[in-house]
Amino acid sequence: MAPKKRPETQKTSEIVLRPRNKRSRSPRELEPEAKKLCAKGSGPSRRGDSDCLWAGLAGLQILPPCRSIVRTLHQHKLGRASWPSVQQIGAGGSITGLKFNPLNTNQFYASSMEGTTRLQDFKGNILRVFASSDTINIWFCSLDVSASSRMVVTGDNVGNVILLNMDGKELWNLRMHKKKVTHVALNPCCDWFLATASVDQTVKIWDLRQVRGKASFLYSLPHRHPVNAACFSPDGARLLTTDQKSEIRVYSASQWDCPLGLIPHPHRHFQHLTPIKAAWHPRYNLIVVGRYPDPNFKSCTPYELRTIDVFDGNSGKMMCQLYDPESSGISSLNEFNPMGDTLASAMGYHILIWSQEEARTRK
């Protein structure tokens with residue numbers, strides 16, 4: 001049976017596609033050509049800097065292939081030494097949080113379902129265990145690290161949050177949520193400001209200098225669904241939350257208890273999917289998040305693509321969408337480099353690297 005043609009709809013964004021080798025066409029390409037149309041919108045609500053980035057994002061292309069790029073970077077730094085192998089922890093022991101050590105980039109902090117939050121190096125040496133549950137029923141789901149205050153914070157699957165210094169001394173261990181703590185984030189400009197997100201459908205904001213118990217939060221932000229993430233903007237003035245259904249929220253420091261904006265967006269969660277988390281661009285007021293099309297979502301269209309969506313943080317308008325026909329999985333995690341000109345997208349067993357510089361060299 002021939003596939004149905006996608007109906008014409010009003011288009012408000014641009015889909016940036018990676019060029020595909022004509023010799024390697026797949027059955028997916030037999031779907032409606034409407035999937036590959038580029039539709040230009042009206043542009044961002046803020047002109048100037050955002051306009052420049054809009055043009056840059058439209059030029060992003062995928063670097064081929066990611067694994068060789070990472071290996072090349074490693075060899076450039078260390079010569080032809082063998083590729084480092086970090087000891088695996090086996091089935092059921094997935095890493096739930098990962099942060100480079102800001103004081104030594106050859107080391108990283110990791111929280112895991114193994115039941116520990118620890119510091120280790122790329123040779124597999126465990127340098128320090130910061131938290132350990134000593135039971136298979138409790139594991140750690142999130143972590144964050146601050147170099148300026150020398151603090152480590154981690155949350156577990158039953159609602160506890162632990163604050164430690166970088167020497168491993170525990171400062172407090174409190175149950176701050178009723179259920180799993182999916183995300184913890186220290187404010188980049190005020191290290192004593194902490195945000196925690198949970199599947200108990202709340203995000204809470206805390207002053208680390210005044211934490212006395214679970215009721216000592218500054219603000220509690222209720223959501224309609226469990227929450228995957230709560231991330232402060234680079235300037236610390238805004239908070240971005242992602243639920244497990246179809247809503248992204250932006251809160252402002254001027255009024256933490258009332259969302260500045262709500263962005264409807266399909267990213268529903270299920271057990272075997274890495275939780276989808278929206279993230280900030282490091283230099284501009286832009287939000288990036290992976291799309292998981294939902295037939296029950298109001299604006300869902302036939303053959304909707306699993307794109308990476310970029311929104312204006314002020315207006316909530318879609319700025320553009322990124323899509324690679326050869327890697328059509330769900331992009332759960334997306335992260336820009338500090339300069340904001342390269343985007344890494346985690347998609348199952350693959351990592352896609354989108355680079356504006358690469359797009360320029362191909363023209």
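Anything mentioned here points back to the structure above.
A brief report on the enclosed structure follows. (Residues numbered from 1 in each chain as written. Predicted model: local features only at pLDDT ≥ 70, side-chain atom pairs only at ≥ 80, totals over all residues. Heavy atoms only, no water.)

### Points about the overall build of the protein chain
Link 1 in the chain: Assigned secondary structure in the protein chain consists of three helices and 25 strands.
Link 2 in the chain: Looking at the protein chain as a whole, 47% of its 363 residues are labelled buried.
Link 3 in the chain: In the protein chain, the share of contacts with a sequence separation of at least 24, taken over all contacts with a separation of at least 6, comes to 46%.
Link 4 in the chain: Only carbon and sulfur atoms are counted for the fraction: they give 52% of the accessible area of the protein chain, which is about 19,200 Å². (Helix = DSSP H or I, 4+ residues; strand = E, 2+ residues; numbered from the N terminus. Buried < 20%, exposed > 50% of the residue type's maximum accessible area, 1.4 Å probe, protein only. Contact = heavy atoms within 4.5 Å. Areas by Shrake-Rupley, 256 points an atom, 1.4 Å probe, with all protein chains shown as cover.)

### Description of the sheet that holds strand 11 (residues 181–186)
Link 1 in the chain: In space, the four strands of this open sheet follow the order 11-12-13-14, with antiparallel pairing throughout. Edge positions in the sheet fall to strand 11 and strand 14 (219–222), since each has one partner strand and no second. Within this sheet the neighbouring strands show an average axis-to-axis angle of 15°, counted without direction.
Link 2 in the chain: Examined bridge by bridge, strand 11 and strand 12 (residues 193–198) share five bridges and lie antiparallel to one another. By the bridge assignment for strand 12, Leu-186 is matched with Leu-194. (Pairing = 2+ DSSP bridges. Axes fitted to C-alpha atoms, helices over the stretch in contact; angles between N-to-C directions.)

### Structural notes on the environment of Phe-336
Link 1 in the chain: Residue placement: Phe-336 occurs in strand 23 (residues 333–336).
Link 2 in the chain: Here the alpha-carbon distance between Phe-336 and Trp-354, two residues 18 residues apart in the chain, equals 9.2 Å.

### Details of the side chain of Asn-285
Link 1 in the chain: With respect to the secondary-structure elements, Asn-285 resides in the loop between strand 19 (279–280) and strand 20 (286–290).
Link 2 in the chain: Classification of Asn-285 as buried rests on a relative accessible area of 15%.
Link 3 in the chain: A polar contact is formed between the side chain of Asn-285 and the side chain of Asn-314, at a distance of 2.9 Å. (Polar contact = N/O pair within 3.5 Å; in protein donor to acceptor, adjacent residues only side chain to side chain.)

### Topic: unusual backbone geometry
Link 1 in the chain: Residues other than glycine seldom take positive phi values, yet Asp-134 does so here, at roughly 60°.
Link 2 in the chain: With respect to the helices, strands and loops of the structure, Asp-134 is situated in the loop between strand 6 (126–132) and strand 7 (140–146).
Link 3 in the chain: Of the residues examined, Asp-134 reaches a relative accessible area of 74% and is grouped as exposed.

### A word on empty space enclosed by the protein
Unfilled space is identified by rolling a water-sized probe across the atoms.
Link 1 in the chain: The tally for this structure, following the rule as stated, stands at two cavities of 30 Å³ or more.
Link 2 in the chain: Of the voids in this model, the second largest cavity is the one considered here, and its volume is about 30 Å³.
Link 3 in the chain: Looking at the second largest cavity, the residues that line it are Arg-306, Thr-307, Ile-308, Leu-322, Tyr-323, Asp-324, Ser-327, Met-347, Leu-352 and Trp-354.
Link 4 in the chain: Broken down by secondary-structure element, the contributors of at least two residues to the lining of the second largest cavity are strand 22 (318–323) and strand 25 (350–355).
Link 5 in the chain: Split by residue class, the lining of the second largest cavity holds six nonpolar, two polar and two charged. (1 Å grid on protein atoms, 1.4 Å probe; cavity = no way out; pocket = protein on both sides within 12 Å on 5 of 7 lines; lining within 4 Å. Points joined across faces, edges and corners; volume = space filled by probe spheres on them. Nonpolar A, V, L, I, M, F, W, Y, C, P; charged D, E, K, R; others polar.)

Note that all results are geometric; they support no functional claim without further evidence.
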